[in-house]
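# Working through the structure, step by step
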Amino acid sequence: MTSRIIPVDLFDLVVFGATGDLATRKLYPALFHRDAQNQLPLESRIIGASRRAMADDEFRAFASRAITDHVPEAERPAGCLDRFLARLTYVQVDAVSEDGWPGLSALLRGAEERVRVFYLAVGPDLFGPIAQRIGAHGLVSARARVVLEKPIGRDGASAHALNEEIGKVFPEPAIFRIDHYLGKETVQNLMALRFANILFEPLWNAAHIDNVQITVAETLGVEGRAGYYDKAGALRDMVQNHLLQLLCLVAMEPPVSVEGDAVRDEKLKVLKSLKPIAADAIVRGQYRAGASAEGPVPGYLEETGLKDSTTETFLALKAEIGNWRWNGVPFYLRTGKRLPERVSEIVVEFRAIPYSGFRPSAGEIRQNQLVVRLQPDEGVKLWIMIKDPGPGGMRLQNVALDMTFAEAFRERYADAYERLLVEVLRGHQTLFMRRDEVEAAWAWIDPVLDRWASGMDPPRPYTAGTWGPAAAVALIERDGRTWHEDGEA
Ligand code: BG6
């Protein structure tokens, strides 16, 4: 299977936060990969912008290090790095004063026919000030776009205010709000599975699906991001965006097309159909000292030095969708840091067969499951019952039809950011969150945040390296179900 590389239109990409973590770890490596595959027109420019004084050459050396650090040597064909670095220019710009803006304007002048992208790889407090100056300096050309990363607000009101601020400068079709989960290979494959096959759709409803489980588990702790993380916590950091987006892709109606608004209209309907979260349907946790595969690890409070923090590093909740297709089907969501393994997956568990004519000696008949694995080992498994081959009478066995992509397609996976950056350059909106989606997701979460703000439901401790507090297990087991574990559908 060979991929088709279609070059994008000529562009200027301005990266604010040019020396920051996101740009270094994700954006330059992603752009480099696309460049190495000849997808970027030769004259296209990448303009680094930040407050720091830096010459073009220094910036190129910086980006060069970012690429050698984050792109394996085998994926750096000869000559590609030099070609990539030659696209780079640097401009010193201050987000909160006029310093440097005339320089940026001069650099962009005369290139109005190009696609022009402003990537705000900066803290959210700078989104508004930067957008406002982009507007004031007349830099919003006909093909201009702006890219924002989460967090988009910290509750419904602040998200609304931010969206208003950006919306004064850029029209909604020019605003690309990144949720990098939407750029993951398997997430896209979920759309293909659901809407390019006849098999699943007749079964994709409350009559045939018993429950859905979405797990995003990480082994790492907060890794030097305590400043951000402690103000966010798992609900804001992961659930409001990544997990809810996954839920939407599982639950949405077939869109009339896979173009931007058609998909986003359907996702929005799901978000609006979510029933309020019951107080006993959510479990917060915070890790205590424990162990990872590498050895002992400190608890969240010791790791961050924040002795009184009540920020959750784990969350499990039961979401319910009030609509014709899904009423009565629980969606169990779970995410956390310092869990035993790094795994992100969606498990769709079908209902039990209504009646079995097999003898008890045939063994237990398990419910079918479709397991969509985002990482690691991207792939899809469909667990079904078959007869145990060979003699010995009728004995049933649960086996996985394995559609693990690594075996079927041997090419390197593109990182989510590669896909997302190319989609921005093309102006395709499907993989980005629309304003009303973001605000609807907050509207569902706000009541929980309010409850927590009044001191209710402090996080329960869990030992680092375990699957969260015991209450998270109880949350699903009291419904007569268990969290899915791979290998034993
Ligand atoms: C980010 C969160 O959005 O997603 C991080 O802010 C988290 O806390 C990360 O670690 C997980 O992304 P991935 O792609 O590694 O699953």
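Preceding this paragraph is the structure being described.
Residues numbered from 1 in each chain as written. Predicted model: local features only at pLDDT ≥ 70, side-chain atom pairs only at ≥ 80, totals over all residues. Heavy atoms only, no water.

## Details of the overall build of the protein
- The number of helices and strands found in the protein is 14 helices and 18 strands.
- Along the longest, intermediate and shortest principal axes, the C-alpha atoms of the protein span 80 × 55 × 45 Å.
- In the protein, which comprises 489 residues, the share counted as buried stands at 54%.
- Long-range contacts, defined as pairs at least 24 residues apart, comprise 78% of the intrachain contacts of the protein with a sequence gap of at least 6.
- Each charge class in the protein can be summarised by its mean position, and for the 58 positive and 67 negative side chains these summaries are 1 Å apart. (Helix = DSSP H or I, 4+ residues; strand = E, 2+ residues; numbered from the N terminus. Buried < 20%, exposed > 50% of the residue type's maximum accessible area, 1.4 Å probe, protein only. Contact = heavy atoms within 4.5 Å. Lys, Arg positive; Asp, Glu negative; His and termini not counted. Charge placed at Lys NZ, Arg CZ, Asp CG, Glu CD.)

## A few points about helix α14 (residues 470–477)
- Taken as a whole, α14 has its buried residues at A471, A472, L475 and I476. Within α14, the buried residues cover an arc of 140° as seen down the axis, which keeps them to one side.
- On its buried face, α14 sits against β7 (209–217), β8 (282–288), β11 (314–319), β12 (331–336) and β18 (460–463). (Arc of directions from axis to C-beta.)

## Regarding the site of the ligand
- Taken together, K150, H180, Y181, K184, E218, R225, D237, M238, H242, K337, R342 and Q375 make up the full set of residues near the ligand.
- K184 places a side-chain nitrogen or oxygen 2.6 Å from an oxygen atom of the ligand.
- Protein chains shield 81% of the accessible area of the ligand, which is 400 Å² for the free molecule.
- Ranked by residue count, the leading element in the shell around the ligand is helix α8 (residues 226–251), at 3 residues.
- Here the shell around the ligand is built from residues that sort into 2 nonpolar, 3 polar and 7 charged. (Near = heavy atom within 4 Å. Polar contact = N/O pair within 3.5 Å; in protein donor to acceptor, adjacent residues only side chain to side chain. Areas by Shrake-Rupley, 256 points an atom, 1.4 Å probe, with all protein chains shown as cover. Nonpolar A, V, L, I, M, F, W, Y, C, P; charged D, E, K, R; others polar.)

## Points about unusual backbone geometry
- Of note, the bond from K150 into P151 is cis; its omega dihedral lies within 30 degrees of zero at 5°.
- Counting through the fold element by element, P151 comes out in the loop between β5 (144–149) and α6 (156–167).
- Omega for the peptide link from Q375 to P376 comes to -10°, which places this bond in the cis form.
- Locating P376 in the fold gives a position in the loop between β14 (369–375) and β15 (379–387).

## Comments concerning the packing of helix α7 (residues 185–195) against α8
- One can describe the packing of α7 onto α8 by two numbers: an axis separation of 10 Å at closest approach and a directional angle of 10°. Taken as axis vectors, α7 and α8 run roughly parallel relative to one another. Crossing handedness for the pair α7 and α8: right-handed. Here α7 contributes V187, L190, M191 and R194 to the contact with α8, which in turn contributes L246, L249, V250 and A251.
- For the contact of α7 with α8, a count of residues per class yields 7 nonpolar, no polar and 1 charged. (Axes fitted to C-alpha atoms, helices over the stretch in contact; angles between N-to-C directions. Parallel < 35°, antiparallel > 145°, perpendicular 65-115°, else oblique. Left-handed = near helix turned anticlockwise from the far one by under 90°.)

## Re the pairing of strand β4 (residues 115–120)
- Along β4, 6 of the 6 residues are buried, which leaves the element largely enclosed by surrounding structure.
- Side-chain alternation along β4 places V115, V117 and Y119 on one buried face and R116, F118 and L120 on a second face that is also buried.
- Where strand β1 (residues 11–16) lies against β4, 6 bridges are found, and the strand directions are parallel. In the strand pairing of β4, V15 is matched with Y119.
- The pairing of β4 with β5 spans 5 bridges and is classified as parallel. Pairing of Y119 across the sheet is with V147, part of β5.
- Remark: the β4/helix α5 (residues 127–136)/β5 crossover connection has right-handed handedness. (Pairing = 2+ DSSP bridges. Right-handed = clockwise from strand over helix to strand, strands pointing away.)

## Description of the side chain of T215
- Along the polypeptide, T215 turns up in strand β7.
- There is a polar contact of 3.2 Å between the side chain of T215 and the side chain of R334.
- Setting aside residues no more than four positions away along its own chain, T215 makes contact with R334, V343, S344, E345, W467 and W483.

## What about the sheet that holds strand β3 (residues 88–92)?
- Pairing in this open sheet of 7 strands is mixed, and the strands run β3-β2-β1-β4-β5-β6-β17 from one edge to the other. Edge positions in the sheet fall to β3 and β17 (432–433), since each of these pairs with one other strand and no more.
- When strand β6 (residues 175–178) meets β17, the two strands line up antiparallel, connected through 2 bridges. Each residue of the ladder has a partner; that of I178, found in β17, is F432.

## Things to note about the packing of aromatic side chains
- Using the criterion set out here, one finds 14 aromatic pairs in the structure.
- Where Y287 meets Y300, the ring centres are 5.9 Å apart and the plane angle is 85°; that geometry is what we call edge-to-face. Of this pair, Y287 sits in strand β8 while Y300 sits in helix α10 (residues 300–304), and the two are 13 residues apart along the sequence.
- Using a relative accessible area of 0% as the deciding quantity, one classes Y287 as buried.
- Residue classification places Y300 among the buried residues on the basis of a relative accessible area of 0%.
- Taken together, the aromatic side chains of Y229, Y287, Y300, F314 and Y462 make up a single cluster linked through ring pairs.
- Taking the ring centre of Y181 as reference, the NZ or CZ of K184 above it sits at 4.6 Å.
- The positively charged end of R284 is found above the aromatic ring belonging to W452, 3.7 Å away from the centroid. (Phe/Tyr/Trp six-rings, centres within 6.5 Å; stacked < 30°, edge-to-face > 60°. Lys NZ or Arg CZ within 6 Å of the ring centre and 35° of its normal.)

## Overview of the side chain of R116
- Along the polypeptide, R116 turns up in strand β4.
- A distance of 3.0 Å separates a polar side-chain atom of R116 from the backbone oxygen of L108.
- With near-sequence residues (within four places) excluded, R116 lies in contact with D12, L108, A111, L139, S141, R143, A144 and R145.

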